[in-house]
Amino acid sequence: MKEIHCKMFGHDYHISRNVTYHVKEYTCTRCHKQLTTGVSGELVKLTPKFKEINDVLERIHTKRNKKKLREKILFENLLVFKH
């Protein structure tokens, strides 16, 4: 029944996971079909291969953001101590 509704009226996709600023995973609230952002920005089916790629991207993105935050805090502390 849920799939019929999606076939007639279209899917109701919501973001289920923010991988990076540009890559996201989407899930249909009715039929639970999953999509992700592809290489050129289009939505593609979330396969195990894309799931693994997204996991690695998220890990790299998180590490990079933590490093930038640490560097920013260190820089701000240097400015405070100089004055």
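The structure this text deals with has already been given above.
Conventions used here
Residues numbered from 1 in each chain as written. Predicted model: local features only at pLDDT ≥ 70, side-chain atom pairs only at ≥ 80, totals over all residues. Heavy atoms only, no water. Helix = DSSP H or I, 4+ residues; strand = E, 2+ residues; numbered from the N terminus. Contact = heavy atoms within 4.5 Å. Pairing = 2+ DSSP bridges.

(A) Local environment of the side chain of asparagine 54. You can see asparagine 54 is positioned in helix H2 (residues 48–82). Those residues in contact with asparagine 54 that sit more than four places away from it in its chain are Arg17, Val19, Val23, Glu25, Thr36 and Leu46.

(B) Structural context of the pairing of strand E3 (residues 34–37). Pairing geometry for strand E2 (residues 24–28) and E3, over three bridges, is antiparallel. By the bridge assignment for E3, threonine 27 is matched with glutamine 34. Where E2 folds back onto E3 in an antiparallel hairpin, the turn is made up of five residues, including histidine 32, whose phi is positive at roughly 65°. Pairing of E3 with strand E4 (residues 43–45) involves three bridges; the strand directions are antiparallel. Bridge pairing in E4 places leucine 35 opposite lysine 45. In this antiparallel pair of consecutive strands, E3 and E4, the connection spans five residues, and glycine 41 shows a positive phi of 95°.

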